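# Notes for the structure review
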Amino acid sequence: MFAAYTELRQAQSVKEYLAKHQLLHPDYLPVKEMGFIYFPLVRRVKVPSAKIVNTVFHFPEKEKQLTVDDVLQGKLTKEELAVLPRSQEIVGRILILEIPAELISKEKLIAEAYLKVHRNIDTVVRKEGIHGGEFRTRTVRILAGKKSKETIHKESGIEMKLHLEKTYFSARSAHERLRIASLVKKGEVVLVMFSGAAPYPLVIARNSSAKKVYGIELNPEAHHFAHENIHLNHLE
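Keep in mind that what you see is a predicted model, and the values were worked out from it rather than measured.

About the thresholds
- Residues numbered from 1 in each chain as written.
- Predicted model: local features only at pLDDT ≥ 70, side-chain atom pairs only at ≥ 80, totals over all residues.
- Heavy atoms only, no water.
- Phe/Tyr/Trp six-rings, centres within 6.5 Å; stacked < 30°, edge-to-face > 60°.
- Helix = DSSP H or I, 4+ residues; strand = E, 2+ residues; numbered from the N terminus.
- Buried < 20%, exposed > 50% of the residue type's maximum accessible area, 1.4 Å probe, protein only.
- Lys NZ or Arg CZ within 6 Å of the ring centre and 35° of its normal.
- Pairing = 2+ DSSP bridges.
- Axes fitted to C-alpha atoms, helices over the stretch in contact; angles between N-to-C directions.
- Arc of directions from axis to C-beta.
- Salt bridge = Lys/Arg side-chain N within 4 Å of Asp/Glu carboxyl O.

### Observations concerning the packing of aromatic side chains
Applying the stated criterion across every chain, the model contains 4 aromatic pairs. Relative to Phe57, the ring of Tyr38 has its centre 5.3 Å away and its plane inclined at 90°; by these criteria the two rings are edge-to-face. Separated by 19 residues along the polypeptide, Tyr38 in strand β3 (residues 36–40) and Phe57 in the loop between β4 (51–54) and α2 (68–72) bring together distant segments of the chain. For Phe57, a relative accessible area of 32% translates into the label partly exposed. Among the aromatic residues, ring-to-ring pairing joins Tyr5, Phe36, Tyr38, Phe57 and Phe59 into one connected group. The ring centre of Tyr168 lies 4.5 Å from the NZ or CZ of Arg136, which sits over that ring. Residue placement shows Arg177 over the ring face of Tyr200; its charged tip is 5.8 Å from the ring centre.

Structure below.
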């Protein structure tokens, strides 16, 4: 296999060049040897600050990332895999599945697969309905992992303690929260209506120069989480 080798002091610049030009072999890791580092290449090409050699040794293989399809291979048919939703919402360490009606009978099998693939997940739940009622809450059913519907969600420099069934929250609005925070001018006073567990107030307080941020929420349990989250982030 062809490799670009260079002294260790040049390693970072060579690595950046190879990455920029998509020359690093995707399946193998570099090797350090006698004060030099060897980068496996996809083809022979000139590289600044490095020499190209045809190596006689073997590069260690990268650990291949397991996919949900890999885990479910042979357990679901091709037709079932084709209708499996690919975009899932993650709140803290809880993954929220949307299971099509035709896969309900295999929901636990699917949940276990997601739990195995996503190492940053402790619990997998399924939506049992859309947000509704006076407080716009929802119900979820635990399918795999820890038996908890409460988690700590992190985004834009803040942490939020949440319970999936006690307060409205959408992880998919993270970019919108940060966008709104970027619009707040120095010294402004901000009012957030329907503030829930305080995602908007917290993101604005952390990522703007607002003088003060107010949150108003009708749901007492959500507002209780908001108070906890203010203390959690030292934003009193």
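### Examining unusual backbone geometry
If you check the backbone angles, Arg136 has positive phi at about 55° while not being a glycine. With respect to the helices and strands, Arg136 occurs in the loop between β7 (123–127) and β8 (140–145). For Ser156, which is not glycine, the phi dihedral falls at a positive 50°.

### Focus: the sheet that holds strand β6 (residues 94–97)
Across the sheet, 4 strands lie side by side as β5-β6-β7-β8; this open sheet has mixed pairing. In this open sheet, the two strands that pair with only one neighbour each are β5 (89–91) and β8. Averaged over all adjacent pairs, the angle separating strand axes in this sheet is 30°, with direction ignored. Where β7 meets β8, 5 bridges bridge the pair, whose relative direction is antiparallel. Its bridge partner lying in β8, Val125 is registered against Ile142.

### Details of helix α1 (residues 11–20)
Looking only at α1, the buried set comprises Ala11, Val14 and Leu18. Projection of α1 onto a plane perpendicular to its axis shows the buried side chains occupying an angular sector of 70°, all on one side. Once α1 finishes, Gln22 follows within two positions and takes phi at roughly 55°, a positive value.

### Here we look at the pattern of salt bridges
Side chains that differ in charge, positive against negative, can pair when their charged atoms come close. Following the criterion strictly, the structure yields 17 salt bridges and no others. Glu221 is the partner of Lys166 in a salt bridge, and the nearest nitrogen-oxygen pair spans 3.8 Å. Placement of the pair is Lys166 in the loop between β10 (158–163) and α5 (174–183) and Glu221 in helix α7 (residues 220–232), with a sequence separation of 55 residues. The exposure class of Glu221 is partly exposed, given its relative accessible area of 41%. One continuous salt-bridge network, built from bridges that share partners, spans Glu107, Arg126, Glu128 and Arg141.

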